[in-house]
Amino acid sequence: MKAGIGKYLGQPSRIEAELIEKVSEGVKLYAFWDLDKEMKFTKGWAVLGDKNLWIFKADELIKKIDVSKIKEVKEFQSINTSGFECLDENGKVLTSLMYTHRQKLMFAQIIYLLKEEIKGNSHSVETDIHEYYQKSVLKNIDKEQKLTDGEKQSVVKRLISY
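Residues numbered from 1 in each chain as written. Predicted model: local features only at pLDDT ≥ 70, side-chain atom pairs only at ≥ 80, totals over all residues. Heavy atoms only, no water.

A. View of the overall build of the chain. Within the chain, the secondary structure is distributed over five helices and seven strands. When the helices and strands of the chain are listed from N to C terminus, the series reads α-α-β-β-β-β-β-β-β-α-α-α. Across the 162 residues of the chain, 43% fall into the buried class. Sequence separation of 24 or more characterises 49% of the internal contacts of the chain that already satisfy a separation of 6 or more. Put simply, the chain shows about 9,300 Å² of open surface, and 50% of that area lies on carbon and sulfur atoms. (Helix = DSSP H or I, 4+ residues; strand = E, 2+ residues; numbered from the N terminus. Buried < 20%, exposed > 50% of the residue type's maximum accessible area, 1.4 Å probe, protein only. Contact = heavy atoms within 4.5 Å. Areas by Shrake-Rupley, 256 points an atom, 1.4 Å probe, with all protein chains shown as cover.)

B. Representation of the nonpolar core within the structure. Counting 38 residues, the largest nonpolar core has W45, V47, F84, C86, F107, L114 and Y133 as its most contacted members. Put simply, the parts of the chain that give this core at least two residues each are α1 (2-9), β1 (27-35), β2 (41-49), β3 (52-57), β6 (81-87), β7 (93-100), α3 (104-118) and α4 (129-147). (Core = buried A, V, L, I, M, F, W, Y, C linked by side-chain atoms within 4.5 Å.)

C. Geometry of the packing of aromatic side chains. According to the stated counting rule, one finds six aromatic pairs in the structure shown. Relative to W45, the ring of Y30 has its centre 5.4 Å away and its plane inclined at 75 degrees; by these criteria the two rings are edge-to-face. Highlighted residues: Y30 in strand β1 and W45 in strand β2, separated in sequence by 15 residues. A residue is classified by how much of its surface remains accessible, and Y30, at 0% relative accessible area, is buried. The class of W45 is buried, set by a relative accessible area of 2%. Centroid distance Y30 to Y133: 5.0 Å. Interplanar angle 35 degrees. Geometry classified as tilted. Taken as a pair, Y30 in strand β1 and Y133 in helix α4 lie far apart in primary sequence, 103 residues in all. You'll find Y30 and Y133 in the same group, each marked buried. Among the aromatic residues, those joined into a cluster by ring pairs are Y30, F32, W45 and Y133. (Phe/Tyr/Trp six-rings, centres within 6.5 Å; stacked < 30°, edge-to-face > 60°.)

In C-alpha cells, the structure reads:
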C-alpha cells in the first residue's frame, strides 16, 4: 500500500514521526496538502489534534489554531483543486489550505470533524491514523484500477499524478 502512494502519486506514504512528536496532544487525523496560494505545488501537512489544528509546511510548524476558536469552515473547489478556510467568530480567516483532488477524502474527514466541533460534538478516531491516511489516499486509484483495462489505467495514473 505504501509503495502505491509514492509510485503513483509522488507524495509521502505517511507523515514523518518527527512532526507527530511536535504535536503535543493526541492526533485524530492528518492530511497532506500540496498547493500553495499561488497554485504552485508544495508539501505540507494538516494535523487535527484533540484541541488544535496544526499546519506544517515541509517540516516547519507555520500555524497552530485552537479548534475552539474556529466558528465556521468554508469549502471551495474548482476543476482540479479543492480547499477550505477556517474562520473565527468575526469572519477572520484563521487558515486557508488548498490541495489537489487526490487529497480530498482525508480533508473531507478533517472538515467533518471540525464542523462537528463547531456544533459541540467532539469525536475521537479509533483507528490507526497512518493506515487510514494510506487507504483514503489510495481509494481513488484502487477504484480506477478495478474499472479500467491496462491501457486506460496508464492514462488514469498519469492524470492522477498531476
